[in-house]
Amino acid sequence: MKKLKEIKLSRFQLNVLLNKEEKEGFGYLLKHGVYCTRCNAICTKGVVNYTIRLNWLNDIVVEGECAVCGQKVTRVMEFGESKTFFDKAMDYREALQN
């Protein structure tokens, strides 16, 4: 598979790509699934000041700061494994080309 360009996404763009269950999964992972190396624990108060990218595998990459200590944190959410999401992401990429 050809390596695709990473694309920065706004929250609106992400919202368009995700279905209802995926939105719930994204929210859950953002609040309960990002590990902070400074706290040596999951970011208990979530992640703040984050950016969202679609990586070359059509997975979602979130980079931000632990809401407790401010440490930089990153989480890759493997939405690209879902054929439905992957296809929507490819359609989005194609729309950007035009």
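All of the points below concern the structure found in this document. (Residues numbered from 1 in each chain as written. Predicted model: local features only at pLDDT ≥ 70, side-chain atom pairs only at ≥ 80, totals over all residues. Heavy atoms only, no water.)

**Regarding the environment of Tyr-28**
Going by this rule: Note on conventions: DSSP H or I runs of at least 4 residues are helices, E runs of at least 2 residues are strands, and numbering of each starts at the N terminus.
Residue placement: Tyr-28 occurs in helix H2 (residues 20-32). Placed 18 residues apart in sequence, Tyr-28 and Gly-46 show a C-alpha to C-alpha distance of 9.6 Å.

**Considerations on the environment of Val-61**
Rule in force here: A 1.4 Å probe rolled over the protein chains alone gives each residue an accessible area, and that area as a share of the maximum for its type sets the label: buried under 20%, exposed over 50%, partly exposed in between. Residues are treated as being in contact if the distance between any of their heavy atoms lies within 4.5 Å.
The residue Val-61 is located in strand E5 (residues 60-66) in this model. Judged by relative accessible area, Val-61 falls into the buried class, the value being 5%. Excluding residues that lie within four positions of it along the chain, Val-61 makes contacts with Thr-51, Ile-52, Arg-53, Asn-55, Thr-74, Arg-75 and Val-76.

**Observations concerning the packing of aromatic side chains**
Counted only if it meets this: Working definition: a ring pair exists when centres of Phe, Tyr or Trp rings (six-membered ring for Trp) sit within 6.5 Å. Plane angles under 30 degrees give stacked, over 60 give edge-to-face, the rest tilted. Cation placement over rings: the criterion is NZ of Lys or CZ of Arg within 6 Å of the ring centroid and within 35° of the ring normal.
Throughout the structure, instances matching the rule amount to 1 aromatic pair. On the basis of an interplanar angle of 45° and a centroid distance of 5.7 Å, the ring pair of Phe-79 and Phe-85 is categorised as tilted. Taking the relative accessible area as the measure of exposure, Phe-79 reaches 11% and is therefore buried. On the basis of relative accessibility, which here comes to 0%, the residue Phe-85 falls in the buried class. If you follow Lys-3 out to its NZ or CZ, it ends over the ring of Trp-56, 5.3 Å from the centre.

**Here we look at unusual backbone geometry**
The phi angle at Asn-40 is positive, at roughly 55°, despite the residue not being glycine. With respect to the helices and strands, Asn-40 occurs in the loop between strand E2 (35-36) and strand E3 (41-42). Non-glycine residue Asn-49 carries a positive phi angle of around 50°. Position of Asn-49 relative to the elements: it lies in strand E4 (residues 47-54).

**Overview of the nonpolar core**
Keep this limit in mind: Among buried residues, those of type Ala, Val, Leu, Ile, Met, Phe, Trp, Tyr and Cys that are joined through side-chain atoms within 4.5 Å constitute a nonpolar core.
In terms of nonpolar packing, the biggest core is built from 23 residues, with Leu-9, Phe-26, Ile-60 and Phe-85 touching the most fellow members. Those elements that provide at least two residues to this core are strand E1 (7-9), helix H1 (11-17), H2, E4, E5, strand E6 (72-77) and helix H3 (83-97). In terms of residues, this core owes the most to one element, E4, which gives 4 residues.

**Focus: H3**
Rule in force here: Expected helix span is computed as 1.5 Å times (number of residues minus one). Note that the arc is computed from the directions linking the helix axis to the C-beta atoms.
For H3, with 15 residues, the first-to-last C-alpha span of 21 Å sits near the 21 Å given by 1.5 Å per residue. Along H3, the residues that are buried comprise Phe-85, Ala-89, Tyr-92 and Arg-93. Looking down the long axis of H3, one finds its buried residues gathered within 100° of arc, a one-sided arrangement. Of the exposed residues in H3, those oriented more than 90 degrees away from the buried face are Lys-83, Asp-91, Glu-94 and Gln-97. In this fold, the buried residues of H3 make contact with E1, H1, H2, E4 and E5.

**Section: the pattern of salt bridges**
Using the following cut-off: The term salt bridge refers to a side-chain nitrogen of Lys or Arg lying within 4 Å of a carboxyl oxygen of Asp or Glu.
A full pass over the atoms with the stated rule returns 3 salt bridges. Among the ionic pairs, Glu-6 bridges to Arg-53, the shortest N-O distance being 2.5 Å. With Glu-6 in the segment before E1 and Arg-53 in strand E4, this pair connects stretches of sequence that are 47 residues apart. Residue class for Glu-6 comes out partly exposed when judged on its relative accessible area of 37%. Asp-87 is the partner of Lys-83 in a salt bridge, and the nearest nitrogen-oxygen pair spans 2.9 Å.

That is the geometry; function is a separate question.
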